[in-house]
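# Analysis of the macromolecular model
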Amino acid sequence: MPLDRTTLTINGTSRAVDVASDTPLLWVLRDNVGLTGTKFGCGIGQCGACTVQVDGVPTRSCSLPVSLAAGKRITTIEGLSPDSSHPLQRAWLEEDVPQCGYCQSGQLMAAAALLEKNKNPSDADIDAAMTNVCRCGTYNRIRRAIKRAAKEARS
């Protein structure tokens, strides 16, 4: 397949990449741009390890062709905060959310999108928004961290 020049806006920076138009965004981020915080999990858009935000919407990057991301704002875990000072990142650490840590970047990106839309989510709101899989089962800690970050942001 021929390569196409695609311009992406990633974490506020415009980046031109030469890739096949059907290349999943995940591989462009990791292999072409060098942002390896977004993880490969299942490759079929089910587990959420690859979640990034596209125009503020949590999106499974393993199943999104790069051509559909052109012209949109892409935010990866690296763009959430350069120094882990985002309220969610602090709450994640305070609540000891990570165990193996593999799914955490996707979990954080989904949680950040939730809190952008809903500053005070209920348990039901969190359950509906957080569809990412955590094989370690840290869902209760994830919920506590989201609520902690929401409370901090309101203070």
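Refer to the preceding data block for the structure.
Attention in this report is confined to the structure presented alongside it. Here the structure is a predicted model, which means the values were calculated and not measured. (Residues numbered from 1 in each chain as written. Predicted model: local features only at pLDDT ≥ 70, side-chain atom pairs only at ≥ 80, totals over all residues. Heavy atoms only, no water.)

## Digging into helix α7 (residues 139-154)
Its 16 residues place the ends of α7 23 Å apart at the C-alpha level, agreeing with the 22 Å of an ideal helix rising 1.5 Å per residue. For α7, the complete set of buried residues consists of Ile142, Arg143, Ala145, Ile146, Ala149 and Ala150. Along α7, the residues classed as buried sweep out an arc of 165° about the axis, all on the same side. Residues of α7 that are exposed and point over 90 degrees away from its buried face: Asn140 and Lys151. (Helix = DSSP H or I, 4+ residues; strand = E, 2+ residues; numbered from the N terminus. Expected span 1.5 Å × (residues − 1). Buried < 20%, exposed > 50% of the residue type's maximum accessible area, 1.4 Å probe, protein only. Arc of directions from axis to C-beta.)

## Some thoughts on unusual backbone geometry
The backbone phi angle of Asp55 is positive, close to 50°, even though this residue is not glycine. By the element assignment, Asp55 lies in the loop between β3 (51-54) and β4 (57-60). On the accessibility criterion, Asp55 (38% relative accessible area) is partly exposed. Within the chain, Asp96 stands out as a residue other than glycine whose phi angle is a positive 50°.

## Let's talk about the packing of helix α4 (residues 87-94) against α7
Remark: α4 packs on α7, axes separated minimally by 8 Å, with the N-to-C direction vectors making an angle of 135°. Classed by the angle they form, the pair α4 and α7 counts as oblique. Crossing geometry of α4 relative to α7 is assigned as right-handed. Contact residues: α4 offers Pro87, Leu88, Arg90, Ala91, Trp92 and Glu94, while α7 offers Ile142, Ala145, Ile146, Arg148, Ala149 and Glu152. In the contact of α4 with α7, the residues fall into 8 nonpolar, no polar and 4 charged. (Axes fitted to C-alpha atoms, helices over the stretch in contact; angles between N-to-C directions. Parallel < 35°, antiparallel > 145°, perpendicular 65-115°, else oblique. Left-handed = near helix turned anticlockwise from the far one by under 90°. Contact = heavy atoms within 4.5 Å. Nonpolar A, V, L, I, M, F, W, Y, C, P; charged D, E, K, R; others polar.)

## Structural notes on the side chain of Thr23
The topology assignment puts Thr23 in the loop between β2 (13-19) and α1 (25-32). Taking the relative accessible area as the measure of exposure, Thr23 reaches 19% and is therefore buried. A polar side-chain atom of Thr23 sits 2.9 Å from the main-chain carbonyl oxygen of Ala20. Apart from residues no more than four positions distant in its own chain, Thr23 is found in contact with Val28, Leu64, Pro65 and Val66. (Polar contact = N/O pair within 3.5 Å; in protein donor to acceptor, adjacent residues only side chain to side chain.)

## Remarks on the nonpolar core
Counting residues in hydrophobic clusters, the biggest one holds 20 residues, and the most contacted among them are Leu88, Trp92, Met130 and Ile146. Of all the secondary structure elements, the ones that give two or more residues to this core are α3 (77-80), α4, α5 (104-117) and α7. Top contributing element to this core by residue count: α5, with 7 residues. Look past the residues within four positions of Leu88 in its chain and what remains in contact with it is Leu108, Ala111, Ala112, Leu115, Ala145, Ile146 and Ala149. With 15 residues, the next largest nonpolar core counts Val17, Leu35, Val52 and Val66 among its residues. (Core = buried A, V, L, I, M, F, W, Y, C linked by side-chain atoms within 4.5 Å.)

## Considerations on the sheet that holds strand β5 (residues 73-75)
With mixed pairing, the 5 strands of this open sheet are ordered in space as β2-β1-β5-β3-β4. One side of each edge strand has no neighbouring strand; the edge strands of this open sheet are β2 and β4. Neighbour-to-neighbour, the strand axes of the sheet open up by a mean angle of 40°, direction not taken into account. Pairing analysis gives 2 bridges linking strand β1 (residues 4-10) to β5, with the strands arranged parallel. (Pairing = 2+ DSSP bridges.)

## Some remarks on the environment of Lys39
Summarising the element assignment, Lys39 is placed in the loop between α1 and β3. The exposure class assigned to Lys39 is partly exposed, which follows from its relative accessible area of 25%. Along the sequence, Lys39 and Cys136 sit 97 residues apart, while their C-alpha atoms lie 16 Å from each other. Those residues in contact with Lys39 that sit more than four places away from it in its chain are Leu26, Arg30, Ala49, Cys50, Tyr102 and Ser105. Engagement of the side chain of Lys39 in a polar contact is seen with the backbone oxygen of Thr36, the distance being 3.0 Å.

It is worth stressing that arrangement in space is one thing and function is another; only the former is reported here.
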